[in-house]
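One-letter residues, chain by chain:
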Amino acid sequence: MDGVAVEVASISGVVRGVLARARADGEGDAGRVDAVREAIVEVGRAAQALQGMLLALVGEGDRLGIARGGVGPWLATVLDVTEGRARALAHDARLLARLPRVEAELCSGVIGPDSARALARTVKAVRATGLDPAEEAAKTLEVTREHGARAGLERVRVLEEQIKPGSIEARHARERERSFARFTTCGDGQMHRCEILLDPVRGAVFQAAIDLQVAEMIRTRQYDGGEIVPQDVRTTEQMNAEAVTRLAQVFLDATPEQRRAHFSLPALAVTLENPAAHLGAMRDPAAHVAGVKDPAVHADIPVGCARTVFGALVPAGRLPRRGDPRRHVLVTDGCTGSFDGVAVDGDPRARLASPGQRAFLGWRDRHCTYPGCDRPLTFALHAHHVVPFAQGGGTSVGNLRLYCTEHHTTVHQER
Ligand SMILES: [Zn+2]
């Protein structure tokens, strides 16, 4: 099999030649683009062909019993693949070995890894049924040829459900488990990053809400505003950013009954504005400078600016205006403060932290305060009584700390 290595070396030489020409000065841009594009298609098809040949060989190797512990684990020792990937490859190869008729296509480069997967799954689905694997695989292949690999996998999904009702339900349960939404900050902690992976049902609800809003924005811009929206992906994504925010705003604006969330704290609008101007009215600021814990957070806020409750410095004009019911203002000297003009520690005998106290704690603690934990501020963090309420500990910000769900439990167990 020296021939294969020689061929690969010769392909590698050709590819490096294309790369060198593409990077060289003097070559026309159009020429480079065409050359690189063409090379990607050719090398991609060659890679598909090699992958198909690998599957055919592994299938045969499995039949011949070339490795004692199984061909999958062995593959992981000779190729740069994880054991999981190697086992999956061996598994598919074993299934495809039952389809001698597709071998030629597998080795030709027209079948990519996803279509190969669809064929293997077809064989697996019809096992122990009266259906003919070769015939069903031929149908899958026909679908992938006409409509692409995704349609082929879709056909297999339908087939699996027909043979074994409930498989789509099981898949959906797995997809629900894999779903998550993660909120972090980036860019000096000023930008909010939201990564959301959703199962198809929740994803459809979310996407439909976004799409409805974007459709409305496009309608008003295109027809009412007389502006033609450029067919530009970035513009669509920028509109999505506005739509996601509006989705949240509509929720925050709804009554507690409508949103079925009685705890009330409109996060966006909570601001700390120019505390120096307010402190005089509240207390003598000079008396409380000693209580300041974190000078960075307490640094003066420039005129015309405000801090969101998540800590970012923003133009005050971007937040709800004075008189808007969504506007909430936290004024603090670092130890205590006022929320919308009411002292945050107004009622130390209340059982739970008030919205004003939650705003203060979010602003002061920023994240879970358990040592080493930096789960970021969300209003799902728990307000914990340092001296237990039952032992006379008051509900005042001096006696409250934010913990994530996990560490709130830990703190109580440690006690
Ligand atoms: Zn924590």
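Per chain, the residues get numbers from 1 upward, laid out in the order the sequence is written. Per-residue local features are limited, in this predicted model, to residues with pLDDT of at least 70; the limit for side-chain atom pairs, both in listing and counting, is 80 or more; totals at the level of whole chains, interfaces and linings are taken over all residues. Excluded from the side-chain calculation are hydrogens and water; included are all heavy atoms of the structure.

S.K.: Which residues make up the overall build of the chain, and what are the values?
M.R.: Numbering of helices and strands runs from the N terminus; a helix is a DSSP stretch of H or I covering at least four residues, while a strand is a stretch of E covering at least two. Counting secondary structure elements, the chain contains 16 helices and 10 strands. Only protein chains enter the accessibility calculation, which uses a 1.4 Å probe; a residue is then buried when its area is under 20% of its type maximum, exposed when over 50%, and partly exposed in between. Considering the chain as a whole, with its 415 residues, one finds that 31% of them fall into the buried category. Note on definitions: a residue-residue contact is assigned when non-hydrogen atoms from the two residues lie within 4.5 Å. Pairs at least 24 apart in sequence give 58% of the contacts found in the chain among residues at least 6 apart.

S.K.: Quick one: what's the story with the nonpolar core, residue by residue and with numbers?
M.R.: Counting residues in hydrophobic clusters, the biggest one holds 20 residues, and the most contacted among them are Leu-55, Val-58 and Leu-96. Per-element tally for this core: the top contributor is helix α4 (residues 83-96), with 6 residues. The contact partners of Val-58, leaving out residues within four places of it in the chain, are Val-71, Leu-75, Leu-89, Ala-90 and Ala-93. The criterion is simple. A nonpolar core is a set of buried Ala, Val, Leu, Ile, Met, Phe, Trp, Tyr and Cys residues joined through side-chain atoms within 4.5 Å. Core analysis: the second largest hydrophobic core is formed by 18 residues, Ala-353, Tyr-370, Leu-400 and Cys-404 among them.

S.K.: Any details on the coordination of the zinc ion? Residues and values, ideally.
M.R.: Protein-derived coordination of the zinc ion comes from Cys-368 (SG), Cys-373 (SG), Cys-404 (SG) and His-407 (ND1), at a distance range of 2.0 to 2.4 Å. Because no water is among the atoms considered, metal sites can look incomplete, with donors defined as N, O and S atoms within 2.8 Å of the metal, or 3.2 Å for Na, K and Ca. For four-coordinate sites, all angles between 85 and 135 degrees define a tetrahedron; for four- and six-coordinate sites, opposite donors beyond 155 degrees with the remaining angles between 65 and 115 define square planar and octahedral shapes respectively, and all other cases count as irregular. Because the angles between the 4 donor atoms bound to the zinc ion fall within 97 to 123 degrees, the donor set is best described as tetrahedral. Going along the chain, you hit the donors of the zinc ion in the pattern C-x4-C-x30-C-x2-H. Separated by 31 residues along the polypeptide, Cys-373 in the loop between α15 (355-365) and β9 (382-385) and Cys-404 in the loop between β10 (400-403) and α16 (405-414) bring together distant segments of the chain. Note on accessibility: Cys-373 and Cys-404 belong to one class, buried.

S.K.: Which residues make up α4, and what are the values?
M.R.: In this model, α4 (14 residues) spans 20 Å end to end at C-alpha, consistent with the 20 Å of a helix rising 1.5 Å per residue. Within the sequence span of α4, burial applies to Ala-86, Leu-89, Ala-90, Asp-92, Ala-93, Leu-95 and Leu-96. Buried residues along α4 sit against α2 (29-64), α3 (71-78), α5 (103-108) and α6 (113-126). What a helix should span is 1.5 Å times the count of its residues minus one.

S.K.: A description of a positive patch on the surface should follow, citing residues and the corresponding values.
M.R.: Patches were defined on residues exceeding 30% relative accessible area and lacking a salt bridge, with like-charge contacts within 9 Å and nonpolar side-chain contacts (Val, Leu, Ile, Met, Phe, Trp, Tyr) within 5 Å. Note on areas: these come from Shrake-Rupley sampling with a 1.4 Å probe, and a residue is covered only by the protein chains present in the view. By definition here, a salt bridge exists when the distance from a side-chain nitrogen of Lys or Arg to a carboxyl oxygen of Asp or Glu is within 4 Å. Positive residues here are Lys and Arg, negative ones are Asp and Glu, while His and the chain termini are left out of the count. Every charge is mapped to an atom, namely NZ of Lys, CZ of Arg, CG of Asp or CD of Glu. On the surface, Arg-98, Lys-124, Arg-127 and Lys-164 cluster together to form a positively charged patch. Under the relative-accessibility criterion, Arg-98 is labelled partly exposed at 43%.

S.K.: Got a sec to walk through the confidence of the model for the chain? Specific residues and values, please.
M.R.: When pLDDT is averaged across the chain, the result is 82; 85% of the residues are at 70 or more. For every residue, the pLDDT score states the predictor's confidence, bounded by 0 at the bottom and 100 at the top. Looking over the chain, one finds the lowest element-wise mean pLDDT in helix α14 (residues 295-298), namely 40, and the highest in α4, namely 93. pLDDT under 50 marks residues 266-271. Its contacts with residues more than four places away, or in other chains, come to 24 contacts. Overall, residues 273-298 carries pLDDT values under 50, and its contacts beyond four positions in sequence, including any with other chains, amount to 37 contacts.

S.K.: So, the packing of helix α7 (residues 133-147) against helix α8 (residues 149-163): which residues are in play, and what are the values?
M.R.: Interaxial distance between α7 and α8 falls to 6 Å at its minimum, and their mutual angle equals 145 degrees. Here the hand of the crossing between α7 and α8 comes out right-handed. Touching Glu-136, Lys-139, Thr-140, Val-143, Thr-144 and His-147 of α7 are Ala-149, Ala-151, Gly-152, Arg-155, Val-156 and Leu-159, all from α8. Three classes are used, and their members are as follows: Ala, Val, Leu, Ile, Met, Phe, Trp, Tyr, Cys and Pro are nonpolar, Asp, Glu, Lys and Arg are charged, and the others, Gly among them, are polar. Classifying every residue of the contact of α7 with α8 by side-chain character gives 5 nonpolar, 4 polar and 3 charged. What counts as an axis is a line fitted to C-alpha atoms, over the stretch in contact for a helix, and the angles between N-to-C directions run from 0 to 180 degrees. Left-handed describes a crossing in which the near helix is turned anticlockwise from the far one by less than a right angle; the clockwise case is right-handed.

S.K.: Before we move on, can you summarise the packing of aromatic side chains with the specific residues and values?
M.R.: By convention, a stacked pair of Phe, Tyr or Trp rings (six-membered ring in the case of Trp) has centres within 6.5 Å and planes under 30 degrees apart, an edge-to-face pair has planes over 60 apart, and any other such pair is tilted. Counted according to the given criterion, the structure contains 1 aromatic pair. Charge-over-ring contacts are defined here by two conditions on Lys NZ or Arg CZ: a distance within 6 Å of the ring centre and an angle within 35 degrees of the ring normal. If you follow Arg-259 out to its NZ or CZ, it ends over the ring of Phe-251, 5.8 Å from the centre.

S.K.: Now, about the pattern of salt bridges: what can you tell me, with residues and values included?
M.R.: A side chain of one charge can pair with a side chain of the opposite charge if their charged atoms are brought near each other. By the definition in use, this model includes 14 salt bridges. Of the charged contacts, one joins Asp-34 and Arg-37 as a salt bridge, the two residues approaching to 3.8 Å between their closest N and O atoms. Here Asp-34 and its partner Arg-37 are both found in helix α2, 3 residues apart, which amounts to about one turn of the helix. Classification of Arg-37 as exposed rests on a relative accessible area of 52%. Arg-364 serves as the salt-bridge partner of Asp-365, at 2.8 Å between the closest nitrogen and oxygen. Pair check on accessibility: Asp-365 and Arg-364 agree, each one buried.

S.K.: Before we move on, could you go through a nonpolar patch on the surface and cite the residues and values that matter?
M.R.: Together, Leu-64, Ile-66, Trp-74, Val-78, Leu-79 and Val-81 make up an exposed nonpolar region whose accessible area comes to about 530 Å². Within the element layout of this structure, Leu-64 appears in helix α2.

S.K.: Which residues make up unusual backbone geometry, and what values do they have?
M.R.: Phi is positive for Ala-128, which is not a glycine, with a value near 60 degrees. Positionally, Ala-128 belongs in the loop between α6 and α7.

S.K.: Could you give an account of the environment of Ala-241, with specific residues and numbers?
M.R.: Positionally, Ala-241 belongs in helix α11 (residues 233-253). Expressed as a C-alpha distance, the spacing of Ala-241 and Ile-210, which sit 31 residues apart in the sequence, is 9.2 Å.

S.K.: Please set out the packing of α6 against α8 residue by residue, giving values where relevant.
M.R.: Between α6 and α8, whose axes approach to 9 Å, the crossing angle comes to 15 degrees. Judged by the inter-axis angle, α6 sits roughly parallel to α8. In this structure, the crossing between α6 and α8 has a hand that is left-handed. Every residue of α8 that contacts α6 at Asp-114, Ser-115, Arg-117, Ala-118, Arg-121, Thr-122, Ala-125 and Val-126 is listed here: Ala-149, Gly-152, Leu-153, Arg-155, Val-156, Arg-157, Leu-159, Glu-160 and Ile-163. Among the residues making up the contact of α6 with α8, the classes are represented as 8 nonpolar, 3 polar and 6 charged. Under this scheme an angle from 65 to 115 degrees is roughly perpendicular, one under 35 degrees roughly parallel, and one over 145 degrees roughly antiparallel; angles in between are oblique.

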